[in-house]
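So you can see what is in the structure, the chains are spelled out below.
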Amino acid sequence: MQEQHNEQEKIHKRRVRYSGTHPRNYKEKYKELQPEKYADTISKVIQKGGTPAGMHISICVKEILDFFQIQPGQRGLDATLGYGGHTREMLNCLKGEGHIYALDVDPIESAKTRERLEKLGYGPEILTVLLQNFADIDQVSEKAGQFDFVLADLGVSSMQIDNPERGFTYKAEGPLDLRMNSQKGISAAERLKKISQEELQGMLIENSDEPYAAEIAKEVVSRLRHGEKIDTTIQLYQAIEAALSFIPQDERREAVKKSSQRTFQALRIDVNNEFEVLYEFLEKLPQVLAPNGKVAILTFHSGEDRLVKKSFKRLYKKGIYKEISQDVIRPSQEECIRNSRARSTKMRWAIKAE
């Protein structure tokens, strides 16, 4: 009888209320985290220029589709599946004929996206989702054949940034992890424990053009050597804040915010070997593209864009690509207003020779 009573208590347990009029904590945003149930809430958040918790708003969709000109029957590859917004739009262009392969290294989000797309009618007959790094596109192509179009969106998905448990943001307390796949490699916290001041300074400069790299590296390494822990996102943020204490108070808050963004970016790039992976992807691209095949790449900081630009130019001069974008393509002003995370986006494209 007691067990039955306890069971009823569990069933009828009410959701814990958040303080104030609007939820701030990620887990409290229960409406945003259930888009299929609270469509009106999702619409309101997007209209205000925000990204609902647990979602990702795809960038440059029109520009990508205008360039690809996808035809039914074609074979495509989304090298970075994420929330699946780009994939969904490309699948729609196929009109039930052809196939898209989609890659992602995040086992948590890729499983959610596959289920979401299946519910929209895009099952295994037209979509194959693989838990694989996009540096391995040659392995995918060996089984799937060459692709008519390839997309790579190099940005971190909003679902990862917004969830404190993933450790991608300085704005909320969470483990300092930053790995796309937490089952592989070492976390950012572990990486910092083994790094020298000189190496950290170099990482901050190379991966994010951090102007206060020397000051931040000195403070972080000093804290670790004196036995302090930097295991959480807030602990790293506090170290950055202390490193920039020399900046005038009226400028300090914005400076700490920008340096925190760049420091987290630099660490994320490092623990996920993002530059190495991108370089390998760019080198293998020509062999996986069909004749006249098209590739579009979205980058979000100068280091990525430089790698893409150099690769496209070099292979164009060799005659491997018959055409490349001469200038970067940017999201429209209207898109940047709707989605503030689109502002730093740069798109470049290339077309393989026949």
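Structure report, in brief. (Residues numbered from 1 in each chain as written. Predicted model: local features only at pLDDT ≥ 70, side-chain atom pairs only at ≥ 80, totals over all residues. Heavy atoms only, no water.)

1. Topic: the environment of Ser302
Its location among the elements puts Ser302 in helix H14 (residues 302-317). Sequence separation of Ser302 and Asn207 is 95 residues, and the distance between their C-alpha atoms is 8.8 Å. A polar contact is formed between the side chain of Ser302 and the side chain of Asp209, at a distance of 2.6 Å. (Helix = DSSP H or I, 4+ residues; strand = E, 2+ residues; numbered from the N terminus. Polar contact = N/O pair within 3.5 Å; in protein donor to acceptor, adjacent residues only side chain to side chain.)

2. Here's the deal with the sheet that holds strand E1 (residues 75-78)
Across the sheet, which stays open at both edges, the seven strands sit in the order E3-E2-E1-E4-E5-E7-E6 with mixed pairing between neighbours. The sheet is open, and its two edges are formed by strand E3 (127-131) and strand E6 (321-324), each paired on a single side. Geometrically, the sheet is characterised by an average inter-axis angle of 15 degrees between neighbouring strands, direction not taken into account. The pairing of strand E4 (residues 147-153) with strand E5 (residues 289-299) spans six bridges and is classified as parallel. For Leu151, the partnering residue across the bridge sits in E5 and is Ala296. Sheet contacts for helix H6 (residues 137-144): E1, strand E2 (99-104), E3 and E4; angle to E2, the most-contacted strand, approximately 155 degrees. (Pairing = 2+ DSSP bridges. Axes fitted to C-alpha atoms, helices over the stretch in contact; angles between N-to-C directions. Contact = heavy atoms within 4.5 Å.)

3. Regarding the nonpolar core
Formed by 31 residues in total, the largest nonpolar core has its most connected members in Leu176, Leu178, Leu192, Leu200, Val220 and Leu236. No other element matches the six residues that helix H12 (residues 249-271) contributes to this core. One finds Leu285, Ile297, Phe312 and Tyr321 within the second-largest nonpolar core, a separate group that totals 28 residues. (Core = buried A, V, L, I, M, F, W, Y, C linked by side-chain atoms within 4.5 Å. Buried < 20%, exposed > 50% of the residue type's maximum accessible area, 1.4 Å probe, protein only.)

4. Here we look at the side chain of Asp106
Note that Asp106 resides in the loop between E2 and helix H5 (107-119). Taking the relative accessible area as the measure of exposure, Asp106 reaches 0% and is therefore buried. Here Ile108 takes part through its backbone nitrogen, which lies 2.9 Å from a polar atom of the side chain of Asp106.

5. Some remarks on the packing of helix H3 (residues 61-68) against helix H4 (residues 85-94)
The contact between H3 and H4 brings their axes to 11 Å, and the two run at 35 degrees. The handedness of the crossing between H3 and H4 is right-handed. Contacts between H3 and H4 involve Val61, Ile64, Leu65 and Phe68 from the former and His86, Glu89, Met90 and Cys93 from the latter. For the contact of H3 with H4, a count of residues per class yields six nonpolar, one polar and one charged. (Left-handed = near helix turned anticlockwise from the far one by under 90°. Nonpolar A, V, L, I, M, F, W, Y, C, P; charged D, E, K, R; others polar.)

6. As for the pattern of salt bridges
As enumerated under the stated definition, the model contains 20 salt bridges in all. A salt bridge links Lys112 to Glu109; the nearest nitrogen and oxygen atoms lie 3.6 Å apart. One end of the pair, Lys112, and the other, Glu109, are both in helix H5, three residues apart, so they sit about a helical turn from each other. Given a relative accessible area of 42%, Lys112 falls into the partly exposed group. Asp231 serves as the salt-bridge partner of Lys193, at 3.7 Å between the closest nitrogen and oxygen. Of this pair, Lys193 sits in helix H8 (residues 188-193) while Asp231 sits in the loop between helix H10 (213-225) and helix H11 (233-243), and the two are 38 residues apart along the sequence. Given a relative accessible area of 46%, Lys193 falls into the partly exposed group. (Salt bridge = Lys/Arg side-chain N within 4 Å of Asp/Glu carboxyl O.)

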